[in-house]
Amino acid sequence: MPHPEPRSAATPAPRRAPWVTPLYVGAVQLGACATARLPRPQRVELLRAHSTNVANLRAGRWRTLVTSAAFVEEPLPAPYAAALLAALGTAEARWGPARAAGLFAAGHLGASLLVYAGLRGRVRADPPDATARAVDVGASYGFCATVGALAATASHRGVRVAATAGVLALGIRPVLRPRRTFTDAGHLAAVVLGVAAGAALGADEPRRRPAGAGAAGPRAAVRAARARRAVPSAPVGG
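Every chain is numbered on its own, with residues counted from 1 as its sequence reads. Totals for whole chains, interfaces and linings use all residues, but because this is a predicted model, local features are given only for residues with pLDDT of at least 70 and pairs of side-chain atoms are given and counted only at 80 or more. Think of the side-chain values as coming from all heavy atoms in the structure, minus any hydrogens and water.

Grouped together as the largest cluster of nonpolar side chains are 20 residues, with contacts concentrated most on Val72, Leu76, Leu84, Ala91, Trp95, Phe104 and Leu150. Helix numbers and strand numbers start at the N terminus; a helix is a DSSP run of H or I with at least 4 residues, a strand a run of E with at least 2. Elements with a contribution of two residues or more to this core: helix 1 (20–35), helix 5 (78–95), helix 6 (97–120) and helix 7 (140–152). The element that contributes the greatest number of residues to this core is helix 5, accounting for 6 residues. As used in this record, nonpolar core signifies buried Ala, Val, Leu, Ile, Met, Phe, Trp, Tyr and Cys residues forming a set joined through side-chain atoms within 4.5 Å. Partly exposed residues are those whose accessible area sits between 20% and 50% of the maximum for their type, while under 20% is buried and over 50% is exposed, using a 1.4 Å probe and protein chains only. Counting residues in each nonpolar core, the second largest holds 19 residues, with Leu65, Tyr116, Ala132 and Val195 among its members.

With that settled, the discussion passes to the pattern of salt bridges. When a carboxyl oxygen of Asp or Glu is within 4 Å of a side-chain nitrogen of Lys or Arg, the pair counts as a salt bridge. Scanning the model with the defined rule gives 3 salt bridges in all. One salt bridge in this structure joins arginine 43 and glutamate 74, with 3.4 Å as the shortest N-O distance. Here arginine 43 is found in helix 2 (residues 40–49), whereas its partner glutamate 74 is found in the loop between helix 4 (64–67) and helix 5, with 31 residues between them in sequence. The class of arginine 43 is buried, set by a relative accessible area of 10%. With a relative accessible area of 44%, glutamate 74 lands in the partly exposed category. Linking arginine 177 and aspartate 184 is a salt bridge whose minimum nitrogen-to-oxygen distance equals 3.0 Å. Overall, the relative accessible area of 42% leaves arginine 177 in the partly exposed class. Classification of aspartate 184 by relative accessible area gives buried; the value is 10%.

A separate point is the environment of alanine 98. Along the chain, alanine 98 falls in helix 6. For the pair alanine 98 and valine 20, spaced 78 residues apart in sequence, the C-alpha to C-alpha distance is 9.5 Å.

Turning our attention to the confidence of the model for the protein chain. Values of pLDDT, which run from 0 to 100, indicate the predictor's confidence residue by residue. Scored by pLDDT, the protein chain has a mean of 85; 78% of the residues are at 70 or more. We call two residues contacting when some pair of their heavy atoms lies within 4.5 Å. Low pLDDT, under 50, characterises residues 7–12; the stretch is placed with 11 contacts to residues that sit more than four places away or in other chains. Every residue in residues 210–218 is under pLDDT 50, and counting partners more than four places away or in other chains gives 9 contacts.

Here the focus is the packing of aromatic side chains. The aromatic pairing rule takes the rings of Phe, Tyr and Trp, using the six-membered ring of Trp, and pairs them if the centres are within 6.5 Å, calling planes under 30 degrees apart stacked, those over 60 edge-to-face and the rest tilted. Inspection of the entire model under this criterion finds 3 aromatic pairs. Arranged with centres 5.5 Å apart and planes meeting at 70 degrees, the rings of tyrosine 24 and phenylalanine 104 form a pair that is edge-to-face. You can see tyrosine 24 sitting in helix 1 and its partner phenylalanine 104 sitting in helix 6, a full 80 residues away along the chain. Owing to a relative accessible area of 21%, tyrosine 24 belongs among the partly exposed residues under this scheme. Given a relative accessible area of 13%, phenylalanine 104 falls into the buried group. Centre to centre, the rings of tyrosine 80 and phenylalanine 143 are 5.6 Å apart; their planes meet at 80 degrees, and the pair counts as edge-to-face. You can see tyrosine 80 sitting in helix 5 and its partner phenylalanine 143 sitting in helix 7, a full 63 residues away along the chain. By relative accessible area, tyrosine 80 is classed as partly exposed at 26%.

What follows is the structure in structure tokens.
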């Protein structure tokens, strides 16, 4: 009777299809379509109430650091929605839902707080000016951080260096424009945070490699082959 081949310890577990990413992007898009039906003044006030702007954070409305990622100003264009799905889905498939969500959150929260720190002393607070009350919602900070992390963890060294340099250049270019906005600075901050997080994730991956992987892999394969030869063959009837 044939015996099933033992599974080598070096064989990686199959990756699960991402499920958190499509739920998140779908919820954001549905919410955007719903808010787009509101009268413009009401929609602007709703978005402003969930923005990570200076007025909200200075007033202690820290919940906006979370709720701002659930709103966008307009329904997502198809190319941007596809890019968001691809980046977040790749991160989720590679690192799992918890780590991918943590990376997204770190980029979103970190960039929002850095922008707030940079603007706090530069805008008028009483009464708040247009910048202090600006609408600042969306998934772009978390998206930029995720792309930065993916670039910094590419498997081939040459691709990793080129991809990291490319995303940093894309983040720096808008900041150098004469008409730059605080959102441009936030995107650059998110990319830098993502690259740093990706470097940490890349350094941690060898330590998280399954037992038997790497140098132990060939020895495990030899042991498995010897075990298969040691199993007595079933007698052939006759």
